[in-house]
Amino acid sequence: MKILEWNEALVLGCQEIDTHHRKLVGILGKVHQDFVDGVIDIGPVLDELQEYTKYHFRSEELWMLDGVYPEIAAHRREHAFFLNKVGALRKEHDKGVQYLSLETISFLEEWITNHIKKMDVTLACHLLTDASAALPGPAN
Ligand SMILES: [Fe+2]
Ligand SMILES: [Fe+2]
């Protein structure tokens, strides 16, 4: 299975969101690469995934509030679902599970890809077209 990489199909045209997504896709790529390399402790990369996902989702939700985004509830539910999933993986790791299955990794990669293409794309369009929407500030 191919490791997820940043690609044109994921570009939404809203620079700050794209910067975040590029970083997130890079972390998922690291998760997958660790699997391929047989890295024994996936704790650090899981921490990075959890922390950055929290930061990114929080940022998007703030941009939605700024831009009076109509679909905030549904979008938030999706974010909460993914964060729960990553949190559960982190807990399993704490209990001694030292690896992720390829099935799990492909689930994470597909979820993010679909979320960007189906949900974030509407948010990016809203931020770019709605005059009342405050465009996201600089990412870190
Ligand atoms: Fe999102
Ligand atoms: Fe996103």
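### What about the overall build of the chain?
Regarding its fold elements, the chain presents 4 helices and 0 strands. Counting from the amino terminus, the chain carries its helices and strands in the arrangement α-α-α-α. A compact globule built from 140 residues should have a C-alpha radius of gyration of about 14 Å, and the chain, at 15 Å, falls within 12% of that. Principal-axis analysis of the C-alpha atoms places the extent of the chain at approximately 50 × 30 × 25 Å. Residue burial in the chain is summarised as follows: out of 140 residues, 23% are buried. Look at the contacts in the chain between residues 6 or more apart in sequence, and 77% of them connect residues 24 or more apart.

### Examining helix H1 (residues 15-37)
An ideal rise of 1.5 Å per residue puts 33 Å on 23 residues; H1 measures up with 32 Å between its terminal C-alpha atoms. Lining the buried residues of H1 we find helix H2 (43-66) and helix H4 (102-129). Looking at the residues trailing H1, positive phi occurs at glycine 38, about 70°.

### A short note on the packing of H2 against helix H3 (residues 72-94)
Taken N-terminus to C-terminus, the directions of H2 and H3 make an angle of 165°; their axes are 10 Å apart at the nearest point. In terms of their interaxial angle, H2 and H3 are classed as roughly antiparallel. Of the two elements, H2 crosses H3, and the hand of that crossing is left-handed. Contact with H2, carried on its side by Gly43, Leu46, Leu49, Gln50, Thr53, Lys54, Phe57, Glu61 and Met64, involves Ile72, His75, Arg76, His79, Phe82, Leu83, Val86, Gly87, Leu89, Arg90 and His93 of H3 and no other residues of that element. Among the residues forming the contact of H2 with H3, the class breakdown is 9 nonpolar, 7 polar and 4 charged.

### A closer look at the nonpolar core
If you look at the biggest cluster of nonpolar residues, it comprises 13 residues, and the most contacted ones within it are Ile27, Leu28, Val31, Leu49, Leu108 and Ile112. Put simply, the parts of the chain that give this core at least two residues each are H1, H2 and H4. Grouped together as the second largest cluster of nonpolar side chains are 7 residues, Trp63, Met64, Leu123 and Leu127 included.

### What about H4?
For H4, with 28 residues, the first-to-last C-alpha span of 39 Å sits near the 40 Å given by 1.5 Å per residue. By the largest-angle criterion, aspartate 120 marks the main kink of H4, which is about 45°. Along H4, the residues classified as buried are Ile105, Leu108, Glu109, Ile112, Ile116, Asp120, Leu123, Ala124 and Leu127.

### A few points about the environment of leucine 62
Mapped onto the elements, leucine 62 comes out in helix H2. For leucine 62, a count of 13 C-beta atoms within 10 Å corresponds to the partly exposed category. The spatial distance from the C-alpha of leucine 62 to the C-alpha of glutamate 51 is 17 Å, given a sequence separation of 11 residues.

### Let's talk about the packing of H1 against H4
Close contact between H1 and H4 brings their axes to 10 Å; oriented N to C, the two are set at 170°. By the angle class used here, H1 and H4 are roughly antiparallel. Packed against H1, whose contacting residues are Ile17, His21, Leu24, Val25, Leu28, Val31, His32 and Phe35, the element H4 presents Leu102, Ile105, Leu108, Glu109, Ile112, Ile116, Asp120 and Ala124 at the interface. The class makeup of the residues in the contact of H1 with H4 is 12 nonpolar, 2 polar and 2 charged.

Analysis parameters
- Residues numbered from 1 in each chain as written.
- Chains lettered and ligands numbered in written order.
- Predicted model: local features only at pLDDT ≥ 70, side-chain atom pairs only at ≥ 80, totals over all residues.
- Helix = DSSP H or I, 4+ residues; strand = E, 2+ residues; numbered from the N terminus.
- Rg over C-alpha atoms; globule rule 2.2 N^0.38 Å.
- Buried ≥ 20, exposed ≤ 12 C-beta atoms within 10 Å, placed from the backbone.
- Contact = placed C-beta atoms within 7 Å.
- Expected span 1.5 Å × (residues − 1).
- Axes fitted to C-alpha atoms, helices over the stretch in contact; angles between N-to-C directions.
- Parallel < 35°, antiparallel > 145°, perpendicular 65-115°, else oblique.
- Left-handed = near helix turned anticlockwise from the far one by under 90°.
- Nonpolar A, V, L, I, M, F, W, Y, C, P; charged D, E, K, R; others polar.
- Core = buried A, V, L, I, M, F, W, Y, C linked by C-beta atoms within 7 Å.
- Bend = angle between axes of the 7 residues up to and from the residue.

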